Number of protein chains: 2
Amino acid sequence: MFQALADPARRSMVDRLCHGPASVSELAEPLVMSLPSVMQHLQMLEASGLVRSQKVGRVRTCRIEPAALRLAERWIGERRAYWEGSLDRLGDYLDAHPEEPEA
Amino acid sequence: MFQALADPARRSMVDRLCHGPASVSELAEPLVMSLPSVMQHLQMLEASGLVRSQKVGRVRTCRIEPAALRLAERWIGERRAYWEGSLDRLGDYLDAHPEEPEA
DNA sequence: TAGATACTTAGGTAATTTATTAAGTATTTT
DNA sequence: AAAATACTTAATAAATTACCTAAGTATCTA
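Quick summary incoming for the structure in this document. Owing to the predicted nature of the structure, the values given are computational and were not obtained by experimental measurement.

Next up on the list: the interface of chain A and chain B. Between chain A and chain B, the residue contacts involve 32 residues of the former and 32 residues of the latter. Broken down residue by residue, the surface that chain A buries against chain B is led by Glu73(A), Ile76(A) and Trp83(A), which jointly contribute 20%. For Arg80(A), the salt bridge goes to Glu73(B), with nearest N and O atoms at 2.4 Å. Put simply, the parts of the chain that give the side of chain A that touches chain B at least two residues each are α1 (2-5), α2 (8-18), β2 (51-56), β3 (59-64) and α5 (66-96) of chain A. Here the residues of the side of chain A that touches chain B sort into 16 nonpolar, six polar and ten charged.

Here is the structure:
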């Protein structure tokens, strides 16, 4: 999932899909890249759960899967919160032991 | 930055650092991996801005850089918010044009 | 000062990722 | 039915990434 967000082309696709559903061609249009490459990126986005798509006629329509986005956001948020908690505990520690510097 | 979070070993290191500062050896301890490999991961974490470190004596102490974590969280949050906004607009659209299905 | 500790650097291999071109397939459009 | 459209698949090639071992360097510790 972070792997999926690690590539600029895929982030651009996610960006585009946040504005609403799009076809493969529409996703490819702003990218300087062949269509098969876009397909590969799309497959990684689908494998990561960030994007879903369905084909109707000859057009495949892609859309964002918000649950996955929320998952990534939560992972980061939890760690940030933990770190901020650690900061508090470090503050407590420094208050209790002012004679021993931290680093 | 998402690239840095894309690897499980590096996420494990971030996890550990969220509990507080740690030496390179402490970061390496739970990982089934040579020390030079841990160093490479550490370098990527530092290059991404997620982690900072300083060497005192022969020990290098690493710590999380919360600003970077907040940045990643914001990137995702903004897109999620945009998508949720799009959902609202799609709802409005469907309300206004019930005879034309979305896909 | 000799040895142990804690990284660090260098160099090289295997796996993964990213991208390409060429050649399909399935659906409209004309 | 013929041509155009919108992907898809397959097979590579180039670039990155992830690892490792071996051999340093700089600090402690005894």
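Looking now at the protein's contact with DNA strand C. Near DNA strand C there are 22 residues, and of these Ser37(A), Gln40(A), His41(A), Ser25(B) and Arg58(B) occur at the shortest range. For DNA strand C, the fraction of protein-proximal atoms (within 4 Å) that sit in sugar or phosphate groups is 67%. Here Ser34(A) contributes a side-chain N or O atom positioned 2.9 Å from a phosphate oxygen of DNA strand C. Take Arg60(B): an N or O atom from its side chain is 2.9 Å from a phosphate oxygen of DNA strand C. Going through the elements one at a time, α4 (35-47) of chain A together with α3 (24-28), α4 (35-47) and β3 (59-64) of chain B are the ones with two or more residues in the surface near DNA strand C.

All right, on to α4(B) then. Residue and element names in this part refer to chain B. Between its terminal C-alpha atoms α4 stretches 18 Å, which fits the 18 Å expected from 13 residues at 1.5 Å a residue. Three or more residues of α4 are buried, namely Val 38, His 41, Leu 42 and Leu 45. An end-on view of α4 places all buried positions within 105° of arc, on one side of the element. In α4, the exposed positions that point more than 90 degrees away from the buried face belong to Pro 36, Gln 40, Gln 43 and Ala 47. Just downstream of α4, Gly 49 is the residue with a positive phi angle, here 90°.

Residues and elements named next belong to chain B. Pairing analysis gives six bridges linking strand β2 (residues 51-56) to β3, with the strands arranged antiparallel. Note that in β3 the partner of Lys 55 across the bridge is Arg 60. A loop of two residues connects β2 with β3, the two strands running antiparallel in sequence, and Gly 57 in this loop sits at a positive phi of about 65°.

This next bit is on the packing of aromatic side chains. In this structure the tally under the stated criterion is three aromatic pairs over all chains. The interplanar angle of 70° and the centroid separation of 5.3 Å between the aromatic rings of Phe2(A) and Trp75(A) together place this pair among those described as edge-to-face. Taken together, the residues span a long stretch of sequence, with Phe2(A) in helix α1 and Trp75(A) in helix α5 at a distance of 73 residues. Each member of the pair Phe2(A) and Trp75(A) is classed as buried. Measuring from ring centre to ring centre gives 6.3 Å for Phe2(A) and Phe2(B), while their planes differ by 20°; the resulting arrangement is stacked. Within this pair, whereas Phe2(A) is found in helix α1, its partner Phe2(B) is found in helix α1 (residues 2-5), the two belonging to separate chains.

Glancing now at the relation of the copies chain A and chain B. Structural alignment of chain A on chain B gives an RMSD of 0.0 Å, achieved by rotating through 180° and translating 0.0 Å along the axis. Such a combination of rotation and displacement between the chain copies is what one expects of a two-fold axis. Most of the interface of chain A is mirrored in chain B, where 100% of its interface residues again form contacts.

What counts and how
- Residues numbered from 1 in each chain as written.
- Chains lettered and ligands numbered in written order.
- Predicted model: local features only at pLDDT ≥ 70, side-chain atom pairs only at ≥ 80, totals over all residues.
- Heavy atoms only, no water.
- Contact = heavy atoms within 4.5 Å.
- Buried area = accessible area lost by both parts, 1.4 Å probe.
- Salt bridge = Lys/Arg side-chain N within 4 Å of Asp/Glu carboxyl O.
- Helix = DSSP H or I, 4+ residues; strand = E, 2+ residues; numbered from the N terminus.
- Nonpolar A, V, L, I, M, F, W, Y, C, P; charged D, E, K, R; others polar.
- Near = heavy atom within 4 Å.
- Polar contact = N/O pair within 3.5 Å; in protein donor to acceptor, adjacent residues only side chain to side chain.
- Expected span 1.5 Å × (residues − 1).
- Buried < 20%, exposed > 50% of the residue type's maximum accessible area, 1.4 Å probe, protein only.
- Arc of directions from axis to C-beta.
- Pairing = 2+ DSSP bridges.
- Phe/Tyr/Trp six-rings, centres within 6.5 Å; stacked < 30°, edge-to-face > 60°.
- Least-squares fit on C-alpha atoms with pLDDT ≥ 70 in both.

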